[in-house]
Amino acid sequence: MMNDETAIPTQDTKSEGGRQRLFYHGQAKDFVDLHEQVETSVNLLDSLETFLSTFQKDLSSVSGQISELQERSTDIDNRLKSRRRIEKPLSSLLSDLTIPPLLAVTILDTDVGEPWIAAITDFERRLDVLKARSRVKAARDLGDVAEGLRIVAATKLRTFFLALLQPIRTSVTTNMQVMQTSIFLKYRALYAFLQRQAPNVSNEIQRAYTSAARTYYETGFRRYIRSLGWIKARTLEKHESIISGNGDDGEPSLCQDRLAYAKIEGSGVVLAYMADDKSHKEPIEAILRSILLVLMDNATAEYAFITTFFHSEPIALPLAKEHDSTLFSPPATLLSPDRGYDDRRSNAGSEVGSHVSRPFRSNGQEPRNVTARPSLMEKAERAPLDAIWKQVLDPVLEYCKIFLTTVLEPMPPAVPLLTMIRLTEAVTAEVQKRDCPPLENFLFTVRLQMWPAFQKIMSEHCDTLRKLAEGGAASYFSRAASTTDASVSNVCNRYIVMFNSFVILTDQEEETMIFSNLLRLRQELTKLIARHTESISDDVAKATKQSAMYEVLLQELNRGTHLSTHPKSQKELAYWAEKEEEARRRIVTISQSRRGGTRGW
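Examining the overall build of the protein chain
Then step 1. The secondary structure content of the protein chain amounts to 18 helices and two strands.
Then step 2. Considering the protein chain as a whole, with its 601 residues, one finds that 41% of them fall into the buried category.
Then step 3. At a minimum sequence separation of 6, the contacts of the protein chain that also span at least 24 residues come to 83%.
Then step 4. Roughly 33600 Å² of accessible area belongs to the protein chain as shown, and the carbon and sulfur atoms make up 55% of that amount.

In C-alpha cells form, the structure reads like this:
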C-alpha cells in the first residue's frame, strides 16, 4: 500500500513541486546576475594577474635604473671632491698669473708714495711667481707685460730716491736723522725691490747717497772743527814740568769739573756758534769731548742706517694666499730698523747735528726687524756695508785725525791728557755697545797715539824730579840746582793733585801704566825731601822738617775723603804715614840721646 502511495503522486506532492519551480523561476534573474558578476570577477582577476605580472617586470627595470643612478651619484660625488681639492691651487694659480688693473694703474699712473709700498711688494711677488711658473704658457704670455711694469717702476723709483737726496745736497742744515728715519727707512721696501729686480738702479742710488752724505758730513764737520780750533787757540795750555814754578803763582788745585770731561754723561758739548763769542774759552778736554761725542753720535747713527737700508735680503714669498684677501691690504708694519743696539745718546749737538737712529713707527705699531744686527752678520755681508760707511765718513775721520794731532801738539799736561784718554776709552766702550766696528778701529788708533804721549810726559816728570833730587850735574859753567821750601812744597802739591786726579780717573786697582809712574814719582819725591833737608846740620831740625813735609802730604791726601776707599789711596796714605812716623821716632831718639849726653857731661 505504501509502494502505491510512493508510485502515485498525490495532490500535495504536485503542489510542492510547483512551488519550487515557481521559486526558482522567480530567482532566475538573480542567478543570471550572479553568474554575470562571477564571470566579471574572473575577468577582473585575470586582468589583475596580467597587471601584476607587468608591474613585476617594470619594478625589476626600475630597480636596475636606481642602481645605475646610485653609481652615477657616487661618481659625481668623487669628481666634486677632486675639483674641490684643486680649487684653491687653481684659484691661486689663476690669481698669480694675472696682474690686477688697480696694481697696473698704481704703477703706471700714480706718483711714488705710501700706496706704492704695498703695491710694489705685491708686484714683486707676482714677478717671482711668473718666473717660477715659466713653463706655463699663460705665465710666458704675461711676462712681457710684467717686464714693462718692472721697467716703469724702476724708472719712477730711481727718480723718487734721487729727489730725496736733493735737500742733503743743497743744505748742511738739513736734519739727516729725520731724512733717514722718516723717509728713507719708511720706503726701504721700495729700495729692496730695486736691489732684487733692478740692481743697476739700486747701485746708482747707493752711489748718489754716498756722494751726497759724504759732502754733507764733510762740510758740517769741517765747519765745526774750524770753530773748535778757534776756541782752542784762545786757551793755550802747555805741558809744564812737575818742578816748574816756585809757588808764587798759587798752589795747584784739583779741578773736579775738568775731570768730569772724562765721562760721556755730563754737560753738553761745545756748539759751533759759541766760537763767535771771542771771549768764550773752553779747556782742551771739553773741546776734545765735544768732537768725539759729535763724531760718535753721527758716525754710529750713519752706520746703523747704512747696515739697515743698504743690507740686501731675499724676499719672503708667502706659502699661501687667502682667497678673499684684498690687493692693497695694509702691511703689518712699515719697514723700519730694529738693530738691538743701545738707543742711548750723549747730550751732543753741533752744526752737523748729532743724532742716533731710532726705530720708525707708524700707526702705533711696533717696527719689525728688517735686518739682523750687524754683529750677527757674516763677515762677507758686513764688508760692503763697512765700505759704504768709510766712503761717507772718510773725510770726517781725516779732519778728526788732524784735529787730534793739534790737541797733542803742543803736549798738554798729564792730568788733562789722562782725562782725554779716559774719555776716548768711554767713547770706545759706547761705540762697542752701538756696534760700529769701523769707528771702533779709528778710536783704537787714537788711543795708541795718546798712551805713548802720556808715558813720555810721565817719564819727563820722573826725570826732572830725579835730577832735582840728585842735585843736578855741576860743571864749570853751572852749579847744582838748589831747592827751597817753597819749591819743594810746590812739587809736593803738584804730586798730590796729580795723584788724586789719577785715582779719580782710574777705576781699576792695578793699571801698570798709571801707578807705576806714580810710584816712580813718589820715590823721587822722597829723595827730593831727603836731599832738601840735608843742608840742615841739626838732626832734630832735619827730622822735624821732614816730618812737617810728610804731614802736609798726609793732610792733602786726606782732603780727598771720597778717594780714601780706593786701594791705591790707602797704600799712599800708609806710605807717607810710615815716613812721618819714622821722622817722629828719629826726633824722639835724637832728643833722648842728647838729654842723656847732657846728664853724663
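Digging into helix α16 (residues 512-532)
Then step 1. For α16, built from 21 residues, the straight-helix expectation of 30 Å at 1.5 Å per residue is met to within 8% by its first-to-last C-alpha distance of 30 Å.
Then step 2. All buried positions along α16 are accounted for by Ile 514, Phe 515, Asn 517, Leu 518, Leu 521, Arg 522, Glu 524, Leu 525, Thr 526, Leu 528, Ile 529 and His 532.

Thoughts on a nonpolar patch on the surface
Then step 1. Taken together, the side chains of Phe 23, Tyr 24, Phe 31, Leu 34, Val 38 and Val 42 make up a nonpolar region of the molecular surface, amounting to roughly 590 Å² of accessible area.
Then step 2. Within the secondary structure layout, Leu 34 lies in helix α2 (residues 11-96).
Then step 3. By relative accessible area, which is 46% here, Leu 34 ends up partly exposed.

Let's talk about the nonpolar core
Then step 1. Ranked by size, the top nonpolar core spans 135 residues in total, and within it Phe 161, Ile 291, Leu 439, Phe 502 and Leu 525 carry the most contacts.
Then step 2. With near-sequence residues (within four places) excluded, Phe 161 lies in contact with Phe 184, Tyr 187, Leu 190, Tyr 191, Leu 194, Ile 205 and Phe 309.

So, the side chain of Asp 122
Then step 1. Residue position: Asp 122 is located in helix α4 (residues 115-132).
Then step 2. Owing to a relative accessible area of 9%, Asp 122 belongs among the buried residues under this scheme.
Then step 3. There is a polar contact of 2.9 Å between the side chain of Asp 122 and the side chain of Arg 126.

Quick word on unusual backbone geometry
Then step 1. Here the amide bond leading from Glu 409 into Pro 410 is cis, since omega sits at 0°, within 30 degrees of zero.
Then step 2. Counting through the fold element by element, Pro 410 comes out in the loop between α12 (379-407) and α13 (414-434).
Then step 3. In the Ramachandran plot, Asp 435 falls in the positive-phi region, its phi being about 60° despite a non-glycine side chain.
Then step 4. As for its placement among the helices and strands, Asp 435 is situated in the loop between α13 and α14 (437-470).

Side note on the pattern of salt bridges
Then step 1. With the rule as written, the count across this model stands at 21 salt bridges.
Then step 2. Put simply, Arg 382 and Asp 435 hold a salt bridge, and the shortest N to O gap is 4.0 Å. Of the two residues, Arg 382 sits in helix α12 while Asp 435 sits in the loop between α13 and α14, which places them 53 residues apart along the sequence. Accessibility classification places Arg 382 together with Asp 435 in one group, the buried group.
Then step 3. When the shortest N-O distance is used, the salt bridge between Arg 584 and Glu 551 registers 3.8 Å.

Things to note about the packing of aromatic side chains
Then step 1. Scanning all chains against the criterion turns up 23 aromatic pairs.
Then step 2. Their ring planes at 80° and their centres at 6.0 Å tell us that Phe 184 and Phe 305 sit as a pair that is edge-to-face. Of this pair, Phe 184 sits in helix α7 (residues 176-184) while Phe 305 sits in helix α11 (residues 284-309), and the two are 121 residues apart along the sequence.
Then step 3. Since its relative accessible area comes to 2%, Phe 184 is described here as buried.
Then step 4. The exposure class of Phe 305 is buried, given its relative accessible area of 1%.
Then step 5. Taking 5.7 Å as the distance between ring centres and 35° as the angle between the ring planes, the aromatic pair formed by Tyr 550 and Trp 576 counts as tilted. Linking Tyr 550 in helix α17 (residues 539-559) with Trp 576 in helix α18 (residues 567-600), this pair joins segments that are 26 residues apart in sequence.

Remarks on helix α8 (residues 188-197)
Then step 1. Burial analysis of α8 places nine of its 10 residues in the buried class, the great majority of the element.
Then step 2. Turning to α8, its buried residues are Arg 188, Ala 189, Leu 190, Tyr 191, Ala 192, Phe 193, Leu 194, Gln 195 and Gln 197.

Re the packing of α4 against helix α5 (residues 137-164)
Then step 1. Running from N to C, α4 and α5 point in directions that differ by 145°, and their axes come no closer than 10 Å. By crossing handedness, the relation of α4 to α5 is classed as left-handed. Along the contact surface, α4 presents Trp 116, Ile 120, Phe 123, Leu 127 and Leu 130, while α5 presents Ala 139, Leu 142, Ala 146, Leu 149, Arg 150, Ala 153, Lys 156 and Leu 157.
Then step 2. Its residues assigned to classes, the contact of α4 with α5 shows 11 nonpolar, no polar and two charged.

Some details on the confidence of the model for the protein chain
Then step 1. When pLDDT is averaged along the protein chain, the result is 80, and 82% of the positions lie at 70 or above.
Then step 2. With pLDDT under 50 throughout, residues 317-372 is counted as low confidence; its partners more than four residues away or in other chains account for 150 contacts.

Quick word on the environment of Ser 171
Then step 1. Of note, Ser 171 is situated in the loop between α6 (166-170) and α7.
Then step 2. Residues Ser 171 and Gly 220 lie 49 residues apart in sequence; the distance between their C-alpha atoms is 9.8 Å.
Then step 3. One polar contact links Ser 171 to Thr 173, side chain to side chain, over a distance of 2.6 Å.

Some details on the packing of helix α9 (residues 199-234) against α11
Then step 1. For the pair α9 and α11, the least separation of the axes is 10 Å and the interaxial angle reads 170°. Relative to α11, α9 is oriented roughly antiparallel. On α11, the residues touching Tyr 209, Ala 213, Tyr 217, Phe 221, Tyr 224, Ile 225, Leu 228, Ile 231 and Lys 232 of α9 are Ile 284, Ile 287, Ser 290, Ile 291, Val 294, Leu 295, Asn 298, Glu 302 and Phe 305.
Then step 2. Residues belonging to the contact of α9 with α11 are distributed by class as follows: 14 nonpolar, two polar and two charged.

Regarding the environment of Arg 522
Then step 1. Along the chain, Arg 522 falls in helix α16.
Then step 2. Along the backbone, Arg 522 and Cys 462 are 60 residues apart, and their C-alpha atoms lie at a distance of 9.1 Å.
Then step 3. Each residue touching Arg 522, except ones within four places of it in the same chain, is listed here: Tyr 495, Lys 571, Glu 572, Tyr 575 and Trp 576.

Let's talk about the environment of Asp 111
Then step 1. Position of Asp 111 among the secondary structure elements: in the loop between α3 (101-109) and α4.
Then step 2. Classification of Asp 111 as exposed rests on a relative accessible area of 70%.
Then step 3. For the pair Asp 111 and Lys 156, spaced 45 residues apart in the sequence, the C-alpha separation amounts to 7.7 Å.

Some words on the side chain of Glu 580
Then step 1. With respect to the element layout, Glu 580 can be found in helix α18.
Then step 2. Not counting chain neighbours up to four residues away, the residues in contact with Glu 580 comprise Ser 547, Tyr 550, Glu 551 and Leu 554.

Calculation criteria
Residues numbered from 1 in each chain as written. Predicted model: local features only at pLDDT ≥ 70, side-chain atom pairs only at ≥ 80, totals over all residues. Heavy atoms only, no water. Helix = DSSP H or I, 4+ residues; strand = E, 2+ residues; numbered from the N terminus. Buried < 20%, exposed > 50% of the residue type's maximum accessible area, 1.4 Å probe, protein only. Contact = heavy atoms within 4.5 Å. Areas by Shrake-Rupley, 256 points an atom, 1.4 Å probe, with all protein chains shown as cover. Expected span 1.5 Å × (residues − 1). Patch = residues over 30% accessible without salt bridge, like charges linked within 9 Å, V, L, I, M, F, W, Y side chains within 5 Å. Salt bridge = Lys/Arg side-chain N within 4 Å of Asp/Glu carboxyl O. Core = buried A, V, L, I, M, F, W, Y, C linked by side-chain atoms within 4.5 Å. Polar contact = N/O pair within 3.5 Å; in protein donor to acceptor, adjacent residues only side chain to side chain. Phe/Tyr/Trp six-rings, centres within 6.5 Å; stacked < 30°, edge-to-face > 60°. Axes fitted to C-alpha atoms, helices over the stretch in contact; angles between N-to-C directions. Left-handed = near helix turned anticlockwise from the far one by under 90°. Nonpolar A, V, L, I, M, F, W, Y, C, P; charged D, E, K, R; others polar. pLDDT = per-residue confidence, 0-100. Parallel < 35°, antiparallel > 145°, perpendicular 65-115°, else oblique.

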